[in-house]
Amino acid sequence: MSKRVSITVSVNGQSYTQLVEPRMLLSDFLRHELGLTGTHVGCEHGVCGACTILLDGRSARSCLTLAVQTDGADIQTVEGLGTIEHLGRVQQAFRDHHGLQCGFCTPGFVMTITDMLLHHSLDTDDEIREALSGNICRCTGYEHIVNAVRELARERASFK
Amino acid sequence: MKPAVFDYVRAESVEHAVQTLAAAGGDGKLIAGGQSLMPMMNFRLVQPSILVDINRIVDLDIIQIRGARLSIGALVRHRMTGASELVQQHIPVLHHTMKHVAHLTVRNRGTFCGSICHADSAAEMPMMSLLLNGIMHIASPRGRREVPAQDFFIGAMATVLEPDEFVTEVEVDVLPGGTGWGFHEFARRHGDYALAAVAVTMQRHDCAASGVRIGVMGVGEISMRMPQVEEMLEGREINSDLLKKAVEALQAELEPNSDLHASADYRRHLAGALAGRAIIDAWSRSEKGTK
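Since this is a predicted model, take the numbers as computed values, not measurements.

Basis of the calculations
Residues numbered from 1 in each chain as written. Chains lettered and ligands numbered in written order. Predicted model: local features only at pLDDT ≥ 70, side-chain atom pairs only at ≥ 80, totals over all residues. Helix = DSSP H or I, 4+ residues; strand = E, 2+ residues; numbered from the N terminus. Buried ≥ 20, exposed ≤ 12 C-beta atoms within 10 Å, placed from the backbone. Contact = placed C-beta atoms within 7 Å. Nonpolar A, V, L, I, M, F, W, Y, C, P; charged D, E, K, R; others polar. Domains from an automatic or database assignment. UniProt positions renumbered as here; feature names shortened; annotations may be inferred. Pairing = 2+ DSSP bridges. pLDDT = per-residue confidence, 0-100.

### Some details on the overall build of chain B
Looking only at helices and strands, chain B features 12 helices and 14 strands. Across the 291 residues in chain B, those meeting the buried criterion constitute 50%. Counting contacts in chain B only where the partners sit at least 6 residues apart, residues at least 24 apart contribute 64% of the total.

See the structure below:
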């Protein structure tokens, strides 16, 4: 085993200091070390988008990030967006528009969409679909996910 | 699907990074965005004994104009290149190309220089560095050297880089005002690796094309310039006859591979069709009568 490294990270506003093996993926750190199993692991090579989290406010694939690299970083996961009793706004839009069926890909989608709403132009369906193109869903056919994002983008525009 | 064991070093400077690589005796790897390296490590196709993280080195995340060149530092993410006003103003073809680079989440992390070092022939950065006469600035324990893009790529995912070398920045040409450009790519899903793409730039003097540059990717082991086709168009007015001949000449020079995604014949056909469109775009965008 290689030398373990001490990291301090903020996850959903809570600070954690832990020793990690350098080869530990951020996705495994979140799930196995912190017990935050909302972040799902699909392909583990950066194709499916299920493990998407926010790293210092921008979406990142946690399976392509080492936990040791995130020392000092601010991480947000799906657990930080809302609770079952009080869904976050993106989660509520998914519920309203039937944006999920099995739900496996959903945490990655809602984290990507959180980044999209913060930083990207979403005026047309083409822009929405392009921004979603790094996340794979095998159930919905994407139509209802696009509907949810379209509503969120319109709501965002009304605040400007 | 987990990386093999390695030691981790957070580099504090370029010198620290290359010294650490040298000490690893050919078994070390640099990591910047990690969007190509991490999948290869997860698959254990790459198993470095030491991983040198350059993400904390200061002043590498800068895009700047230097004379008639634009410099892109080793920690410039694809998102930053795509959003850069300098790039948009001075190299519109690169600005446009960035829209085709991977997906939003990958663009947040992946770097221009990292993609150059990865040297995948289906990625945009190697082709753009060839098109824009890029010069790779390379540091090692032996000092610094500069390698032109034309000499940098030597085979499929292979470059002239030594195991202890570090591409600290890539300099590319700023395009003269009035330069026309075209970029066309085909991928099975937006942001996926291209089956083929073609980029073209040219100026127009007295109704004739000049300074023609053509780059192709995805249709060979490495991205390429097409000097013979460039020569055919140089000094000529682009019309449909010439365009047809140029496309045929370009296709004749290509030796694409067949794989799961496309046959060699299809890739050759695709490259020709994309080249035709890119040449027309570049010609029509070039400003008439510019000197």
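From this point, the discussion proceeds with the structure in view.
### Remarks on the interface of chain A and chain B
Accessible area lost upon the coming together of the parts serves often as the stated size of an interface. Opposite the 26 residues of chain A that make contact, chain B presents 26 residues. At the level of secondary structure, the elements contributing two or more residues to the side of chain A that touches chain B comprise β4 (58–61), α3 (106–119) and α4 (125–132) of chain A. It is β4 of chain A that contributes the most residues to the side of chain A that touches chain B, 4 residues altogether. Taken together, the residues that form the side of chain A that touches chain B break down as 8 nonpolar, 11 polar and 7 charged.

### Focus on the domain arrangement of chain B
Each assigned domain of chain B is listed with its residue range as follows: domain 1 (7–53), domain 2 (63–173) and domain 3 (180–285). Computed from C-alpha coordinates alone, the two centres of domain 1 of chain B and domain 3 of chain B are separated by 36 Å.

### Considering the domain arrangement of chain A
Residues and elements named next belong to chain A. Once the domains are mapped, chain A shows domain 1 (5–80) and domain 2 (89–158). Just the C-alpha atoms count here: the centres of domain 1 and domain 2 sit 22 Å apart. The partner domain 2 presents 12 residues to the 13 residues of domain 1 that form the contact. Sort the elements by how many residues they give to the side of domain 1 that touches domain 2 and strand β3 (residues 52–55) lands first, with 3 residues.

### Quick look at the UniProt feature "domain: FAD-binding PCMH-type" (unreviewed entry) in chain B
Those places that UniProt annotates as "domain: FAD-binding PCMH-type" (unreviewed entry) correspond, in this numbering, to residues 1–177 of chain B. Structurally, residues 1–177 of chain B is divided into 33% helix and 26% strand, and its ends, taken at the C-alpha atoms, are 49 Å apart.

### Section: the sheet that holds strand β12 (residues 194–205) of chain B
Residue and element names in this part refer to chain B. One open sheet holds the 4 strands; their spatial order is β11-β12-β13-β14, and the pairing between them is antiparallel. The open sheet has two edge strands, β11 (180–187) and β14 (224–225), and neither has a second partner. Pairing between β12 and strand β13 (residues 208–217): 8 bridges, direction antiparallel. Counterpart to R204 in the pairing with β13 is A209.

### What to know about the confidence of the model for chain B
When pLDDT is averaged along chain B, the result is 95; 99% of the residues meet or exceed 70. Our summary of model confidence lists the complex with pTM equal to 0.95 and ipTM equal to 0.94.

### Points about unusual backbone geometry
Unlike most non-glycine residues, H98 of chain A shows phi in positive territory, near 55°. Of note, H98 of chain A is situated in the loop between α2 (89–96) and α3. What makes H98 of chain A partly exposed here is the crowd of 13 C-beta atoms within 10 Å. The backbone of C207 of chain B shows a phi angle near 65°, a positive value even though the residue is not glycine.

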